[in-house]
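Observations on the three-dimensional arrangement
Residue-level listing of the chains:
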Amino acid sequence: MTSLLVRGASRVVTPSGTTARRGEALGELAKYEGAVIRCEDEEIVFVGPSDEHDGKFPPPDEVLDAAGGCVLPGFVDPHTHPVWAGSREDEFNRRLRGESYMAIARSGGGINATVRATRAAGFDELLGGTLPRLDTFLLHGTTTVEAKSGYGLDLATEVRMLEVIRETDRRHPVDLVPTCLAAHEVPPEHRDDPERWVRLLVETIHPEIARLGLAEAVDVFCEEGVFDLDQTRRLLADAGRYGWGIHLHADELTPLGGAELAVELGALSADHLVHVTDRGIEALAGSDTVAVLLPGTSFFLRSSYAPARRMIEAGCAVALATDCNPGSSPTESMPMILALATLAMGMTVEEAITAATLNTAAAIGRADAIGSLEVGKHADLVVLWEPTHFHVVYHYGINPIRHVVKNGRHVVKNGRLIH
Ligand code: NIG
Ligand code: FE
């Protein structure tokens, strides 16, 4: 057994519990002034006053001096597309000149541009691109990421992407939770008959990925011009049989009713929700499906934002993610997402912190194990350079993270990787 004691923090700030928080409770954080945290192997075994710790436990193997910084849970990012080849900064520039995301996609760019580059890349090239991205996630305080495939859109490349995710999880301190998003788009070779592609997914690609055990969950881009409600329903019909949780790209560009469908299917999460309808909000509020909002995508596509305040007031379990991908949100930074959640969507800092930790853990089915700093949970935490939790967003546009502990190991020290 190895032990690590985090001491010298100004305060430890964390949501509490093992389920998503909503309504008033979303903004309720526990604040322990001057508390220490003891980690033994991967687990938190004590959070409380220093003298109480010293009376109960032997001296630790290692001490991390937080030097007056604020301690928070590590961020959990529940919606990312971190495996890809190529780059799409040309599209970014076209959008700045007024072209829309969908128009660029229909002219051969968009998701299919990354599909071309990703199909052409081998395993080592994809792994070599993904590992440094995980370093960037970690440096910005993210300790667990959900990771989607979806730039292969054929069996071989979808499998390769999921194998890259598995290998990255093995090699990198950040935990990756794999999702099959083979239903991300209709590939060019099936554009003439999208139904043929839906059948191929249902009859061949999804069953094979399930058989290989490469995914924990499945996702579909349910959107006008991609997969409609009926196709999405068919694509997800076997998820339970495969033991897969369900995520849904829902109501991102048009109000199609994806939120309602996610609730009907008992999904872990409905994501994006920029155009969620009143009925969709009502359905989410009455369910355990977490509403994952992606304000980085709105910012980067210069579109409107999801109605976070209305959703919180209605009682939805709101969470936040980067949507890290080369097209619509090329960032690994959860502090940036929290800045947007507060400054652009009107959330409070406290709400945003819960929405980026405990509620995101719930969105990937892990709230029993991560997402808060409590005895029995994984020792995944960050130490800020500054003494209060407000500094996650207040000093914006810089990286506020000084130290990261992942599974009880000190992996980022003074803003530098030491893993
Ligand atoms: O979540 N909406 C679909 N998928 C991604 C975009 C991926 C891309 O443009 O490459 C998203 O925004
Ligand atoms: Fe996405």
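No experiment lies behind these values; they were computed from the predicted model shown.

Considerations on the pairing of strand 17 (residues 401–406)
- Of all the six residues making up strand 17, six are buried; the element is thus mostly covered by neighbouring parts of the structure.
- Pairing of strand 16 (residues 381–384) with strand 17 involves four bridges; the strand directions are antiparallel. In the strand pairing of strand 17, Val382 is matched with Val404.
- Of the pairings in the sheet, the one linking strand 17 to strand 18 (residues 409–413) comprises three bridges and is antiparallel in character. In the sheet register, Val404 faces strand 18, and the bridge partner there is Val412.

Brief notes about the domain arrangement of the protein
- As assigned here, the protein comprises domain 1 (3–73 + 371–417) and domain 2 (75–363).
- Domain 1 and domain 2 are separated by 29 Å when their C-alpha centres are compared.
- At the interface, 34 residues of domain 1 touch 36 residues of domain 2.
- For the pair domain 1 and domain 2, the number of links is two salt bridges.
- With a closest N to O distance of 3.9 Å, Arg22 and Asp288 form a salt bridge.
- At the surface where domain 1 touches domain 2, the tally comes to 12 residue pairs in polar contact (both at pLDDT 80 or more).
- Those elements that provide at least two residues to the side of domain 1 that touches domain 2 are strand 7 (70–73), helix 16 (391–394), strand 17, strand 18 and strand 19 (416–417).
- When residues in the side of domain 1 that touches domain 2 are grouped by element, the largest group, four residues, is from strand 17.

Topic: the environment of Val263
- The residue Val263 is located in helix 9 (residues 258–264) in this model.
- Separated by 17 residues in the primary sequence, Val263 and Gly280 place their C-alpha atoms 8.6 Å from one another.
- Setting aside residues up to four positions removed in sequence, Val263 forms contacts with Ala283, Leu284, Ser287 and Thr289.

Focus on the state of the cysteines
- Across all of its chains, the model carries zero disulfides by this definition.
- In this model Cys39 remains outside any disulfide bridge; the closest cysteine sulfur is found in Cys70, 16 Å from its own.
- Judged by its relative accessible area of 0%, Cys39 falls in the buried class.
- Left unpaired, Cys316 is separated from the closest cysteine sulfur, that of Cys222, by 17 Å.
- In this structure Cys316 comes out as buried when scored by relative accessible area, which is 1%.

What counts and what doesn't
Along each chain, residue indices are assigned from 1 in the same order as the chain's sequence is written. Written order decides the labels, with chains lettered from A and ligands numbered from 1. Local features in this predicted model are restricted to residues whose pLDDT is 70 or higher, and side-chain atom pairs enter the listing and the counts only when it is 80 or higher, whereas totals over whole chains, interfaces and linings include all residues. The basis for the side-chain values is all heavy atoms of the structure; hydrogens and waters are excluded. Remark: exposure states derive from per-residue accessible area (1.4 Å probe, protein chains only) relative to the maximum for the residue type, with buried under 20%, exposed over 50%, and partly exposed in between. Secondary structure is summarised from DSSP: a helix means a run of H or I of at least four residues, a strand means a run of E of at least two, and numbering begins at the N terminus for each. Pairing between two strands is assigned when DSSP locates at least 2 bridges connecting them. Throughout, the edges of the domains are those of an automatic or database domain assignment. Contacts between residues were defined by any pair of non-hydrogen atoms, one from each residue, lying within 4.5 Å. By salt bridge we mean one thing: a side-chain nitrogen of Lys or Arg within 4 Å of a carboxyl oxygen of Asp or Glu. By the criterion applied in these results, polar contacts are pairs of N or O atoms within 3.5 Å in which, for protein atoms, one can donate a hydrogen and the other can accept it, and in which residues neighboring in sequence qualify only through two side-chain atoms. Two cysteine sulfurs form a disulfide in these notes if their separation is within 2.5 Å.

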